[in-house]
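One-letter residues, chain by chain:
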Amino acid sequence: MIGIFKKKPETLPLRHYGDPVLRKKARPIAAVTPELRKLAEQMIATMYASRGVGLAAPQIGKSIRLIVLDTMPGKDDLPPDATPGEILLAPFMPLVLVNPEVAEASKETEVASEGCLSVPKIFGDVERPAYVLLRATLLDGEKVEVECGGLLGRCIQHEIDHLDGVLFPDRLAKVELEMVTEEIEKLEARTQAALKKAK
Ligand SMILES: [Zn+2]
C-alpha cells in the first residue's frame, strides 16, 4: 500500500547575531490568518530541527510578535512544584503565542545558563525574574493570562526579549560577558560579511 505523505512544513533559515532584524522592535499581530498559522508551523519545524526550546519570529527574519516554544519533552513529568502556567500550557506544546507580554514579574530572581539559536555555541548565566505573569493569545484566538515559572517562565522571557530587540548577551553580568565577547564579535563579523555578500 502506498502511504499518503503529508508534506512536512519546511524549515526557515535562522538569522544570527549581527543581523539588524534581531535588534528591531517587532510589531503587534492584528489577526491570526492562515499565513500566520503556516509561519508558526514552519517556525516549530525550524525550532525542532535546530534542537531549540523556543524561537521568536525575528530569528527567521519576520519582525512580528510571534513566538513558538516547547519546554516539555516529557509532557507527563511536570515537576511537583510546577507553576499554574506549566500545568495549563503543557497540553498545548508545541506552544504558539501571539502578542505575548510579561504583565508582571516577580522580585525574586533566578540565575541559569542560556543559549540562543541566533547566538550559536555561546552560553552564559542570565539572571531573570523567577516568575512572570504571561499574557498572550493562542492560535485559536483564546486569551491566556497565567503565572509561569521554571524553564517555561525563563523561555517566555527570553523569547519576548527577542520581540523587543534584546538578546541574552545583553543581560549577562560584566564578567560573564567578557568571557564571550570575542566569540560574539567574530559571529557578528561573519553575519555582516554574509549579509553584504547576499546584497
Ligand atoms: Zn534566543
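Here's a quick rundown of the structure. (Residues numbered from 1 in each chain as written. Predicted model: local features only at pLDDT ≥ 70, side-chain atom pairs only at ≥ 80, totals over all residues. Heavy atoms only, no water.)

### Some remarks on the overall build of the protein chain
Here is step 1 of the chain: For the protein chain, the count of helices and strands is 4 helices and 7 strands.
Here is step 2 of the chain: Here the C-alpha atoms of the protein chain give a radius of gyration of 17 Å, agreeing with the 16 Å that 2.2 N^0.38 yields for 199 residues.
Here is step 3 of the chain: For the protein chain, the spread of C-alpha atoms along the principal axes amounts to about 50 × 45 × 35 Å.
Here is step 4 of the chain: Considering the protein chain as a whole, with its 199 residues, one finds that 45% of them fall into the buried category.
Here is step 5 of the chain: For the protein chain, contacts bridging at least 24 residues in sequence account for 70% of all contacts bridging at least 6. (Helix = DSSP H or I, 4+ residues; strand = E, 2+ residues; numbered from the N terminus. Rg over C-alpha atoms; globule rule 2.2 N^0.38 Å. Buried < 20%, exposed > 50% of the residue type's maximum accessible area, 1.4 Å probe, protein only. Contact = heavy atoms within 4.5 Å.)

### As for the coordination of the zinc ion
Here is step 1 of the chain: The protein atoms that coordinate the zinc ion are Cys116 (SG), His158 (NE2) and His162 (NE2), at distances of 2.0 to 2.3 Å.
Here is step 2 of the chain: The motif formed by the donor residues of the zinc ion, counted along the single chain, is C-x41-H-x3-H. Placement of Cys116 in strand 4 (residues 109–116) and of His158 in helix 3 (residues 150–163) is noted, with a sequence separation of 42 residues between them. (Donors = N, O, S within 2.8 Å, 3.2 Å for Na, K, Ca; no water.)

### Considerations on the side chain of Asp19
Here is step 1 of the chain: With respect to the helices, strands and loops of the structure, Asp19 is situated in the segment before helix 1 (34–49).
Here is step 2 of the chain: Sequence-distant contacts of Asp19, defined by excluding residues within four places in its chain, comprise Thr191 and Leu195.

### A word on the sheet that holds strand 3 (residues 95–105)
Here is step 1 of the chain: Judged by pairing direction, the sheet is antiparallel, and its 5 strands sit side by side in the order 1-2-3-6-7 without closing on themselves. At either end of the open sheet lies a strand with only one pairing partner, and these are strand 1 (54–56) and strand 7 (143–148). Averaged over all neighbouring strand pairs, the angle between strand axes comes to 35°, with direction disregarded.
Here is step 2 of the chain: Bridging between strand 1 and strand 2 (residues 66–69) involves 3 bridges; their strand directions are antiparallel. (Pairing = 2+ DSSP bridges. Axes fitted to C-alpha atoms, helices over the stretch in contact; angles between N-to-C directions.)

### Focus on the nonpolar core
Here is step 1 of the chain: Of all hydrophobic cores here, the largest spans 21 residues; its most connected members are Leu69, Leu97, Leu134 and Ile156.
Here is step 2 of the chain: Every element with two or more residues in this core is listed here: strand 2, strand 3, strand 6 (132–137), strand 7 and helix 3.
Here is step 3 of the chain: With 5 residues, helix 3 is the single largest residue contributor to this core.
Here is step 4 of the chain: Leu69 has contacts with Met47, Val53, Gly54, Met93, Pro94, Leu95, Leu97, Leu152, Cys155 and Ile156, leaving out every residue within four places of it along the chain. (Core = buried A, V, L, I, M, F, W, Y, C linked by side-chain atoms within 4.5 Å.)

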